[in-house]
Amino acid sequence: MERKRIRTVTTRNLILASRWRRLIGAIIDLVTLTIIMSITLWIFGEFPEVSETNTLSDILKNGESASLWAQVTYYGSYFLVIALFALRSQTPGKFFTKTYIVREDGTPYGVLRTILRELLIITSLVFVIPYIIASLWCIFDEKAQCLWDKIGRSYVTHPS
């Protein structure tokens with residue numbers, strides 16, 4: 001099955017990224033966020049310890065969360081990493097899957113838009129159900145766009 005091509009104003013020939021490529025990229029982005037959070041929480045000494053007296057279910061029930069400074073640090077660190085990759089209109093996951101975020105006309109998405117797009121994704125991740133709906137949107141969409149792609153008028157592509 002041939003992937004759909006998008007008409008662009010640039011000379012690059014871009015093909016829409018497959019749903020599998022997008023899934024792998026999203027997993028890499030989530031793993032990156034988790035690693036940054038874990039390192040930050042460990043540095044701040046706020047990583048909850050699981051032991052016989054303090055089980056994982058107890059930690060989740062009590063709703064223990066990191067301090068404001070730890071949260072600011074790990075989100076700030078994550079967006080710093082995103083900003084470095086955003087120079088190429090990518091995220092870490094898109095870098096490893098060799099995909100790019102482009103505007104509807106095929107031009108690079110840009111640093112600020114990539115960061116805002118990622119902020120929208122992270123915000124929706126806080127609310128699990130909207131994140132799942134927005135993520136699954138690309139499975140049924142003709143152009144393989146997730147809901148944040150529709151909102152931001154972007155496509156995830158790879159060079160042919």
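Please read these numbers as outputs of a predicted model, since none were measured by experiment.

J.: Now, about the side chain of arginine 22: what can you tell me, with residues and values included?
T.: Here arginine 22 is to be found in helix 1 (residues 19-43). When residues no more than four places from it in sequence are discounted, the contact partners of arginine 22 are Ala17, Arg117, Ala144, Gln145, Cys146, Trp148, Asp149 and Val156.

J.: Go over the nonpolar core, please, and point to the residues and values.
T.: Leu33, Ile36, Leu41, Ala70, Tyr74, Tyr78, Phe79, Ile82 and Ile122 together form the largest nonpolar core, which totals nine residues. Considering each element in turn, this core owes the most residues, five residues, to helix 3 (residues 68-86). Residues Ile121, Tyr131, Cys138 and Cys146 belong to the second largest nonpolar core, which totals six residues.

J.: Could you give an account of the pattern of salt bridges, with specific residues and numbers?
T.: Tallying each qualifying case throughout the model produces three salt bridges. Ionic pairing is found between arginine 22 and aspartate 149, a salt bridge with its closest N-O pair at 2.6 Å. Placement of arginine 22 in helix 1 and of aspartate 149 in helix 7 (residues 147-152) is noted, with a sequence separation of 127 residues between them. The two residues arginine 22 and aspartate 149 agree in class, both being buried. In this structure, the salt-bridge partner of aspartate 141 is lysine 150, at a minimum N-O distance of 2.9 Å.

J.: Go over the side chain of threonine 107 with me, naming the residues and quoting the values.
T.: With respect to the helices and strands, the residue threonine 107 is situated in the loop between strand 2 (100-103) and helix 5 (111-126). Only 2.7 Å separates the side chain of threonine 107 from the side chain of aspartate 105, close enough to count as a polar contact.

J.: Go over the sheet that holds strand 3 (residues 154-159) with me, naming the residues and quoting the values.
T.: The sheet built from three strands is open, its strands ordered 1-3-2 with antiparallel pairing. Edge strands, defined here as strands with exactly one partner in the open sheet, are strand 1 (14-16) and strand 2. Along the sheet, successive strands turn relative to each other by an average axial angle of 55°, direction set aside. Bridge count between strand 2 and strand 3: four bridges; the pairing is antiparallel. In the strand pairing of strand 3, isoleucine 101 is matched with valine 156.

J.: Could you give me a rundown of the pairing of strand 3, with the residues and numbers involved?
T.: Among the six residues in strand 3, five count as buried, and that is most of the element. Relative to strand 3, strand 1 runs antiparallel, the two being bridged by three bridges. Looking across to strand 3, one finds that leucine 14 is bridged to proline 159.

J.: Give me the lowdown on the packing of helix 3 against helix 5, citing residues and values where you can.
T.: At a closest axis distance of 9 Å, the pairing of helix 3 and helix 5 adopts a crossing angle of 140°. By the angle between their axes, helix 3 is oblique relative to helix 5. Like other packed secondary-structure pairs, helix 3 and helix 5 cross with a definite hand, here right-handed. Facing Tyr75, Tyr78, Phe79, Ile82, Ala83 and Ala86 of helix 3, the residues of helix 5 in contact are Val111, Thr114, Ile115, Glu118, Leu119 and Ile122.

J.: Describe in detail the layout of surface pockets, supporting the description with residues and values.
T.: By volume, the largest pocket amounts to about 470 Å³. Lining the largest pocket are 23 residues, and of these Arg22, Leu23, Ala26, Ser135 and Cys146 sit closest to its centre. At the level of elements, helix 1, helix 5 and helix 6 (128-140) are the ones that each hand at least two residues to the lining of the largest pocket. With nine residues, the single largest contributor to the lining of the largest pocket is helix 1. A class-by-class count of the residues in the lining of the largest pocket yields 16 nonpolar, one polar and six charged.

What counts, and at which threshold
Residues numbered from 1 in each chain as written. Predicted model: local features only at pLDDT ≥ 70, side-chain atom pairs only at ≥ 80, totals over all residues. Heavy atoms only, no water. Helix = DSSP H or I, 4+ residues; strand = E, 2+ residues; numbered from the N terminus. Contact = heavy atoms within 4.5 Å. Core = buried A, V, L, I, M, F, W, Y, C linked by side-chain atoms within 4.5 Å. Buried < 20%, exposed > 50% of the residue type's maximum accessible area, 1.4 Å probe, protein only. Salt bridge = Lys/Arg side-chain N within 4 Å of Asp/Glu carboxyl O. Polar contact = N/O pair within 3.5 Å; in protein donor to acceptor, adjacent residues only side chain to side chain. Pairing = 2+ DSSP bridges. Axes fitted to C-alpha atoms, helices over the stretch in contact; angles between N-to-C directions. Parallel < 35°, antiparallel > 145°, perpendicular 65-115°, else oblique. Left-handed = near helix turned anticlockwise from the far one by under 90°. 1 Å grid on protein atoms, 1.4 Å probe; cavity = no way out; pocket = protein on both sides within 12 Å on 5 of 7 lines; lining within 4 Å. Points joined across faces, edges and corners; volume = space filled by probe spheres on them. Nonpolar A, V, L, I, M, F, W, Y, C, P; charged D, E, K, R; others polar.

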